[in-house]
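Observations on the three-dimensional arrangement
Take a look at the letters that make up each chain.
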Amino acid sequence: MQRKKILLVDDEEDILEFLSYYLTKEGYKVKTCCNGFDAIVLAEEFLPDLIILDVMMPEMNGIKVCAEMKKRPNLKNSLITFLTARNDDLTEISALDEGGDDFIHKPIKPKVLNSRIKALLRRQIINQEEPLENKMVFEDITIDLENMKVSKDRKNIKLAKKEFELLALLASKPDKVFKRKNIMKKVWGAGVIVGDRTIDVHIRKLRKKIGKHYIDTYKGVGYKFIG
């Protein structure tokens, strides 16, 4: 079996050295980088299965690095997770909005980190294997799953990655109430821990962009898309 490739990006050399040693011992093929600009170049050469980014780095922070990487077609299958000491809601939401697949707080035990990595890589396999219907069309909204685009009254609506995934999930079964724990599992993954506030913020942003009447709230339970 081909070894999974991981790119570690952090401006603290001791963290890079420690994690690189541990993950290599666990069977991964690992490369490291200490700044965002070089990370983008290295990622396009290495084509990692998973990129682990610090948020606070000089010159170019991890959230901007993530946004740039998501623009590169040859990195579309690379998962990105943040490993950072920052633990405020705004940073986490911004990181996920820019395309991050997970947000992990430092400090974390190596074995726990490895479990989170395995969970992310399982999601990668599932996402690559599951075929998607091409489009979902409603009264004035079209959801293009293949190209990850949404239009309303034939005008494109710009959605962050997690906003799109959340909308696609709710719209996949109109008039079904999706429980909050199932939304977390489907959109953020079973191994990812996000707070209720993260879902609420994304729902609020979706309502602002597509219209409040499309998403109903069932207090204490979850949300439903009105098709």
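Residues numbered from 1 in each chain as written. Predicted model: local features only at pLDDT ≥ 70, side-chain atom pairs only at ≥ 80, totals over all residues. Heavy atoms only, no water.

**Observations concerning the environment of Leu 121**
We apply this condition: A run of H or I in DSSP counts as a helix once it spans at least four residues, and a run of E counts as a strand once it spans at least two, with each numbered from the N terminus. For every residue, the accessible area obtained with a 1.4 Å probe (protein chains only) is divided by the maximum for its type, and the residue is called buried under 20%, exposed over 50%, and partly exposed between those limits. Residue contacts follow a heavy-atom distance rule, with two residues in contact if any of their heavy atoms lie within 4.5 Å.
Looking at the element boundaries, Leu 121 is found in helix H5 (residues 110–129). Using a relative accessible area of 7% as the deciding quantity, one classes Leu 121 as buried. Leu 121 sits 20 residues away from Ile 141 along the chain, and the two C-alpha atoms are 32 Å apart. Residues in contact with Leu 121, not counting those within four places in the same chain, are Lys 4, Tyr 28, Asp 49, Leu 50 and Leu 79.

**A word on the sheet that holds strand S9 (residues 155–157)**
Pairing between the strands of a sheet is mediated by backbone hydrogen bonds and can be parallel or antiparallel. Cut-off, in case you're wondering: Two strands are said to pair when DSSP picks up at least two bridges between them. Only C-alpha atoms enter the line fits that serve as axes; for helices the fit covers just the stretch in contact. Angles between N-to-C directions range over 0 to 180 degrees.
What the four strands build is an open sheet, ordered S6-S7-S8-S9; its pairing is antiparallel. Of all strands in the sheet, those with a lone pairing partner are strand S6 (135–137) and S9, marking the two edges. On average, each strand axis in the sheet is tilted by 25° relative to the strand beside it, whichever way the strands run. Taken together, the three bridges between strand S8 (residues 149–152) and S9 define a ladder with antiparallel strand orientation. Its bridge partner lying in S9, Val 150 is registered against Ile 157. Helix H6 (residues 161–172) contacts S6, strand S7 (141–144) and S8 of the sheet and is inclined by roughly 110° relative to S7.

**Thoughts on helix H3 (residues 62–70)**
In plain terms, the rule: Pairs of N or O atoms are called polar contacts if they sit within 3.5 Å, as long as, within protein, a hydrogen donor faces a hydrogen acceptor (for residues adjacent in sequence, only side-chain-to-side-chain pairs).
What H3 keeps buried is the set Gly 62, Ile 63, Val 65, Cys 66, Ala 67 and Met 69. Among the structural elements, helix H2 (36–46), strand S3 (50–53), strand S4 (79–84) and helix H4 (89–97) are those in contact with the buried residues of H3. Of the residues flanking the start of H3, the one acting as N-cap is Asn 61, its side-chain oxygen 3.0 Å from the backbone nitrogen of Ile 63.

**Looking at the pattern of salt bridges**
Keep this limit in mind: For salt bridges, the criterion is a side-chain nitrogen of Lys or Arg within 4 Å of an Asp or Glu carboxyl oxygen.
For the structure shown, the criterion picks out 14 salt bridges. Notably, a salt bridge pairs Arg 116 with Asp 102, separated by 3.1 Å at the nearest N-O pair. Taken together, the residues Arg 116 in helix H5 and Asp 102 in strand S5 (residues 102–105) connect sequence positions 14 residues apart. Given the relative accessible area of 13%, Arg 116 is considered buried. In this structure Asp 102 comes out as buried when scored by relative accessible area, which is 0%. Across the salt bridge formed by Lys 209 and Glu 163, the nearest N and O atoms sit 2.7 Å from each other. Here Glu 163 lies in helix H6 and Lys 209 lies in helix H8 (residues 196–210), a separation of 46 residues in the sequence. Assessed through its relative accessible area of 32%, Lys 209 is described here as partly exposed. Judged by its relative accessible area of 2%, Glu 163 is buried. A single salt-bridge network, built from bridges that share partners, covers Lys 70, Asp 101, Lys 161, Lys 162 and Glu 165.

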